[in-house]
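# Architecture and fold: a report
One letter stands for each residue in the lines below.
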Amino acid sequence: MKALKKRGFVLILVITAIAVIGIEMFVLAGVANTMQFQSHRAYLQACRRNLTASGLAWARQNVPDKAGEVAPQTIELDVSKMNVRGSRLDLTVSPPSDRQVEILIRTSCTRGRQTLKGENKYEIAL
């Protein structure tokens, strides 16, 4: 009779262990999803900073040549060589004033379901 009670007790322990492991897997999956979201966000922020720096470098190199143009113009730069999928870089060059040009840099980059957009203004001396 005691042998039957021990088997039932072991079975209850095994079922409880399986339930605990299932709960742990559920919690760990949630933590992994959060970590993935945060790592994608950090990657997108780094890509946005790189796109902004590239746009500013391009503007410093090329805008003084076009400073005589009067109307604000938007320039879309090709960022395909930067190897950032779903990215976009637009520069809006305002008319020059007091030996300075204002540059509006708009960036957008995507990874998975997340999209990070940014808009920064800079002044470049002519």
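Here, the structure is the one placed above.
Residues numbered from 1 in each chain as written. Predicted model: local features only at pLDDT ≥ 70, side-chain atom pairs only at ≥ 80, totals over all residues. Heavy atoms only, no water.

## Description of the overall build of the protein
When helices and strands are tallied, the protein shows 1 helix and 4 strands. For the protein, the succession of helices and strands along the chain, N to C, is α-β-β-β-β. In the protein, buried positions account for 25% of the 126 residues. Contacts spanning at least 24 positions in sequence make up 45% of the contacts within the protein whose residues lie at least 6 apart. Accessible area for the protein stands at about 9,400 Å²; split by element, carbon and sulfur atoms hold 58% of it. (Helix = DSSP H or I, 4+ residues; strand = E, 2+ residues; numbered from the N terminus. Buried < 20%, exposed > 50% of the residue type's maximum accessible area, 1.4 Å probe, protein only. Contact = heavy atoms within 4.5 Å. Areas by Shrake-Rupley, 256 points an atom, 1.4 Å probe, with all protein chains shown as cover.)

## A word on the environment of Arg99
Along the chain, the position of Arg99 falls in the loop between strand E2 (88-93) and strand E3 (100-111). Separated by 26 residues in the primary sequence, Arg99 and Ala125 place their C-alpha atoms 5.9 Å from one another. Ignoring any residue separated from it by four or fewer positions in sequence, one finds Arg99 in contact with Ile124, Ala125 and Leu126.

## A few points about the pairing of E3
Pairing between E2 and E3: 6 bridges, direction antiparallel. Counted as the bridge partner of Val93 is Ile103 from E3. Where E2 folds back on E3, the antiparallel hairpin that results is connected by 6 residues, among which Asp98 adopts a positive phi of roughly 55°. In this structure, the hairpin formed by E3 and strand E4 (residues 114-125) is closed by a connection of 2 residues, where Gly112 is found at a positive phi of approximately 65°. (Pairing = 2+ DSSP bridges.)

## Topic: the side chain of Ser108
Along the polypeptide, Ser108 turns up in strand E3. Discounting chain neighbours no more than four positions away, the residues touching Ser108 are Leu51, Gly86, Ser87, Arg88, Thr115, Leu116 and Lys117.

## Brief notes about the packing of aromatic side chains
Under the counting rule described, the total for this entry stands at 0 aromatic pairs. The positively charged end of Arg111 is found above the aromatic ring belonging to Tyr43, 4.3 Å away from the centroid. (Phe/Tyr/Trp six-rings, centres within 6.5 Å; stacked < 30°, edge-to-face > 60°. Lys NZ or Arg CZ within 6 Å of the ring centre and 35° of its normal.)

## Considerations on the state of the cysteines
Summed over all chains, the structure comprises 0 disulfides. The thiol of Cys109 is not disulfide-bonded; the next cysteine sulfur, from Cys47, is found 5.4 Å away. (Disulfide = S-S within 2.5 Å.)

## Some thoughts on unusual backbone geometry
Phi is positive for Asn83, which is not a glycine, with a value near 60°. With respect to the helices and strands, the residue Asn83 is situated in the loop between strand E1 (73-77) and E2.

## Section: a nonpolar patch on the surface
A contiguous nonpolar surface patch, about 480 Å² in accessible area, is contributed by Phe9, Val10, Leu13, Val14 and Ile18. Mapped onto the secondary structure, Val10 falls in helix H1 (residues 2-62). Look at Val10 and you get partly exposed, because its relative accessible area is 47%. (Patch = residues over 30% accessible without salt bridge, like charges linked within 9 Å, V, L, I, M, F, W, Y side chains within 5 Å. Salt bridge = Lys/Arg side-chain N within 4 Å of Asp/Glu carboxyl O.)

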